[in-house]
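# Observations on the three-dimensional arrangement
This is what each chain is made of:
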Amino acid sequence: MATYLYKLGRFAFRRRHFVALLWIALLTLAGVGAASAPPAGNSSFSIPGTEAQRAFDLLEQRFPGMSADGATARVVFKAPAGHKMTDAAEKSAVRKTVKELSSGSEVASVADPYAGHTVSRDGAIAYASVKYKVSGMELKDASRDALKEAAGHARETGLTVEVGGDALNATPETGSSEVIGIGIAAVVLVITFGSLIAAGLPLLTAIVGVGIGVSAIAALANPLDLGSTTSTLATMIGLAVGIDYALFIVSRYRAELAEGREREEAAGRAVGTAGSAVVFAGLTVVIALVGLSVVNIPMLTKMGVAAAGTVAIAVLIALTMIPALLGYAGRTVKPAGEKSRLLGGGRGAKESGRPNMGTRWASFVVRRPVAVLLLGVIGLGAAAVPAASLELGLPDDGSQPVSTTQRRAYDLLSEGFGPGFNGPLMVVVDAKGSDDPKAAFTKVGDEIKGLKDVVTVTPATPNKAGDTAIITVVPKSKPSSATTEDLVHAIRGKGGEITSATDAKLLVTGATAMNIDVSQKLNDALLPYLSLVVGLAFLLLIVVFRSILVPLKAALGFLLSVLAALGAVVAVFQWGWLSGLMNVEQTGPVMSMMPIFMVGVVFGLAMDYEVFLVTRMREAYVHGENPGQAVVTGFRYGARVVTAAAVIMIAVFSGFIGSSESMIKMIGFGLAIAVFFDAFIVRMAIVPAVLSLLGRRAWWLPAWLDRALPNVDVEGEGLRTEPDADEAKELVRA
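So, here is what we can say about the structure in this document. (Residues numbered from 1 in each chain as written. Predicted model: local features only at pLDDT ≥ 70, side-chain atom pairs only at ≥ 80, totals over all residues. Heavy atoms only, no water.)

## Thoughts on the overall build of the protein chain
The condition is simple: Secondary structure elements are defined from DSSP: runs of H or I of at least 4 residues count as helices, runs of E of at least 2 residues count as strands, and each element is numbered from the N terminus. Contacts are residue-level and defined by heavy atoms, with any inter-residue pair within 4.5 Å sufficient.
Along the backbone of the protein chain there are 24 helices and 11 strands. Summarising the internal contacts of the protein chain: among those between residues at least 6 apart in sequence, 79% fall at separations of at least 24.

The structure is reproduced here in C-alpha cells:
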C-alpha cells in the first residue's frame, strides 16, 4: 500500500492543477446539486420492533385520519393574580386563541379547555391540546410560527401563556463557543507548524471535504429522507477527521523535508507512510459509523452512513489534495523545526542537542512503565466509577432550560395538574378477536386503576368499528422518572392476563412509552454494536500492526477511556457535579443515544491516534531499533502531532457545550472529555507503558497468521531499497 500511495502522492504533487480542479469541480457539482434540490423537510421517525411503534401502526389502521404519531402541542394558560381561568374575560381570550389555532392547514384538531375539562381544580391554570396531521419532525415552519403567534396574541390579553409539546422544538443555540472552538483549532495548528500557510492547509481541506459531504447530503435529503441532524453529525465528524488526517500528512511532509529530501519526494513519502495510517484510521471510523445500523433505528442508520461518506471524502482529500496544495505552497511550508519569517523570524531547525518534549516524556515512561501504567489505569478507573449508576432516558420538556417556553409550560402543567400530566400514557386495546370488546375495554381500565403511581384513567374511546379503543393513563411521577418506567412495564405485564380473560391485546404507546422503548432498544444494542465495531477494528489493526497484543491493547484502552468518559457524563449531568460551571439547569437520566453515539465517534478518533502513533513505533522497530527505542522514536515524531490533533478535537467538541439544548451540551461534553482521556492518558501514557513492558512480545504474530495476512506495508518498507527491506523483515522475524 505504501508504494501505491507514494506514487499517488507524487502524482498529486506534480499534477496539482488537475487535482485541484477535480476537487473544485466536485465541490461545485455538489453545491449545485444542493442548491437545485427541493427544500429538505424533517425526516420521518420510526422505531421498528418496539411495542410503542406497533401501537402507532395499529392506530393508523383502526383510527384512519387520527394521525396517532402526529405532533402535539399544549398551549398552557395561567390567569393573572386574583383571577381564574373560568372568569368571562379569560374564557373569551382562550376561546379566541382556540379558534386561531384551528385555522392551520396541518392542524388535525384543537381541544377547548372548557369542553374538555382541562382546567385545574383551583381554576388558575388551563390548557388547550393541539393535534397535528404530521409528526413533529415533519411539521412545517409555518405551522410552528402560527402556534407562536397565537400564543403571543393570547399574552396581549394579560394571560401567562406558554407552549409545550413536540410541535414546538427549540432551535439549539450554540452561541459563540462553537466559533471559539474552531478559532482555537487554528491557533493550535499555527503553533504546531510555525507557519500560517502550513496551518491553513488542514483547515482548508477539512472545509472542502465537509462542504462536499454536506452538500451531497442536502442534494439527497429528499429522496433518501435525510433530516437536518444528519448533516450536523456529518459536519462534526468530517471537520474532526478532516483536520486530523491533513495534520498527520503535513507533519510527515515537514519531517521528510527536515531529512533533506526534495519536495516532490517528501510529498510522496508523506502520503506513502502517514497516508497509509490515514487510510486505516479512516476505515476504523467508517466501520464505527456504518455499524450504527445494527441498532435498527432508520434515522440513526442514515446519520451514520452519511457521516461515514464524509469521512471517506476526508481520506481521499488528505491523500490527493494535501500533496497538491503542498506543491502550490512551495517553500512557504518549512521543514520540521523551522519557523516562517512572520512567526519565527525565519530561524532554522534547532540542532539535535536537547530532545523534544515527546522524546523526554517517552523516555520517562520507558524507565517507569509500571508506575505510569498503574497511575493511568487507577485514574481512569476512578473516573469510570459513576458509570455504574448510569440511567438512560430521552429528555423531555422538563430538561429544557428555564428560559424556554417548553420548560415553562412543563412547569405550569406540573403545578396545575401534577408532574405525571406531562407524560400521559396511551393504552391501545385491540379487541378485534374478542367476543365482547366493551367488556374487554372495561376490564383493562379497571386493571390499570389498581396499579400504583396512577392518578387518572380515562374511559375507553372506541373507534367506529368498536373493535379498538384508546385509554389515557396519567401517572403520578414525571415522564423521565424510573417510577413512570416501572408503571409502563406494569401495564404491559397485564397484557397476558387480559388476553387470557378477554382475547384482547393490550399495547402501551405515547411519547413517554416511546422514549422508554427507544432507550431500551439502544441499551440492548450497545453490546452487539460494541462487539461488532471493536471486533472488526481488531482484525483490521492486526493487519496494520501485524501483531496480536497491540490491537488487543488498543481495544482495551479504548474501552477504559469510554467508561471513564461515561462516568464523567453521569457525574455532571445525572448527579449534578460542576453543573453550575457547565450551565446544566436540570439533572436527570443520560440521553439514551449518548453511550452508543460516544462509542462510535470516540472509537474512530481514538484509533486515529493509535494508528498514527504506533505505526511510527512499528516503523522504527521494523527498521532496526529495539522496542524501547522504537517507543521513544514514535513519540519523537508523533507526540506533537497527536497532541495538536487531540487539542483541536477537544476545542471543537467543547464548543457544543455552550448550546442551549441539553442533548447537544451533553454530546459536546462527552466527546470532549472522552478525547481528552483517550489521547492524553491512554495513548500518551498507558500505550507506551504497556509496549515497554511487553518488549518484543508486543510485535509477536504466529507464523501461520503472518503468512495468511496480506502485507499492506503501512511502515513504508517498499519505499526503501530492496536490501534494506529484506533486512527489516529479518529484524521483525527475530
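Picking up where we left off.
## Section: the sheet that holds strand 1 (residues 72–78)
This is how it is decided: Paired strands, in this sense, are two strands between which DSSP finds at least two bridges. Here an angle of 0 to 180 degrees is reported between the N-to-C directions of two axes, which are lines fitted to C-alpha atoms, with helices fitted over the stretch in contact.
Taken together, 4 strands build an open sheet; the order of strands is 2-3-1-4 and the sheet is antiparallel. Of all the strands in the sheet, the pair left with one neighbour each is strand 2 (107–111) and strand 4 (160–164). Neighbour-to-neighbour, the strand axes of this sheet turn through a mean angle of 20°, independent of strand direction. Relative to strand 3 (residues 125–132), strand 1 is paired through 7 bridges, and the arrangement is antiparallel. Within strand 3, the residue paired with F77 across the bridge is A126. Each of strand 1, strand 3 and strand 4 is contacted by helix 5 (residues 141–155), which is oriented at about 160° to strand 4, the strand it contacts most. This element, helix 14 (residues 405–417), spans strand 1, strand 3 and strand 4 of the sheet and lies at about 105° to strand 4.

## Looking at the packing of helix 18 (residues 511–545) against helix 19 (residues 549–574)
For clarity, the threshold we go by: Left-handed describes a crossing in which the near helix is turned anticlockwise from the far one by less than a right angle; the clockwise case is right-handed. Here the nonpolar group is Ala, Val, Leu, Ile, Met, Phe, Trp, Tyr, Cys and Pro; Asp, Glu, Lys and Arg are the charged ones; every other residue, Gly included, is treated as polar.
Two numbers describe how helix 18 lies on helix 19: the axes approach to 8 Å, and their chain directions differ by 145°. Crossing of helix 18 over helix 19 shows right-handed handedness. Of the residues in helix 19, those in contact with L530, V534, F538, L541, I542 and F545 of helix 18 are V550, P551, L552, A554, A555, F558 and L559. Residues belonging to the contact of helix 18 with helix 19 are distributed by class as follows: 13 nonpolar, no polar and no charged.

## A few points about the side chain of T502
Defined as follows: Here a polar contact is recorded for every N or O atom pair within 3.5 Å, except that within protein the pair must consist of a potential hydrogen donor and a potential acceptor, and residues adjacent in sequence are included only if both atoms are side-chain atoms.
Residue position: T502 is located in helix 17 (residues 495–502). One polar contact links the side chain of T502 to the main-chain carbonyl oxygen of I498, over a distance of 2.7 Å. In contact with T502, other than residues within four places in its own chain, are S434, A440 and K443.

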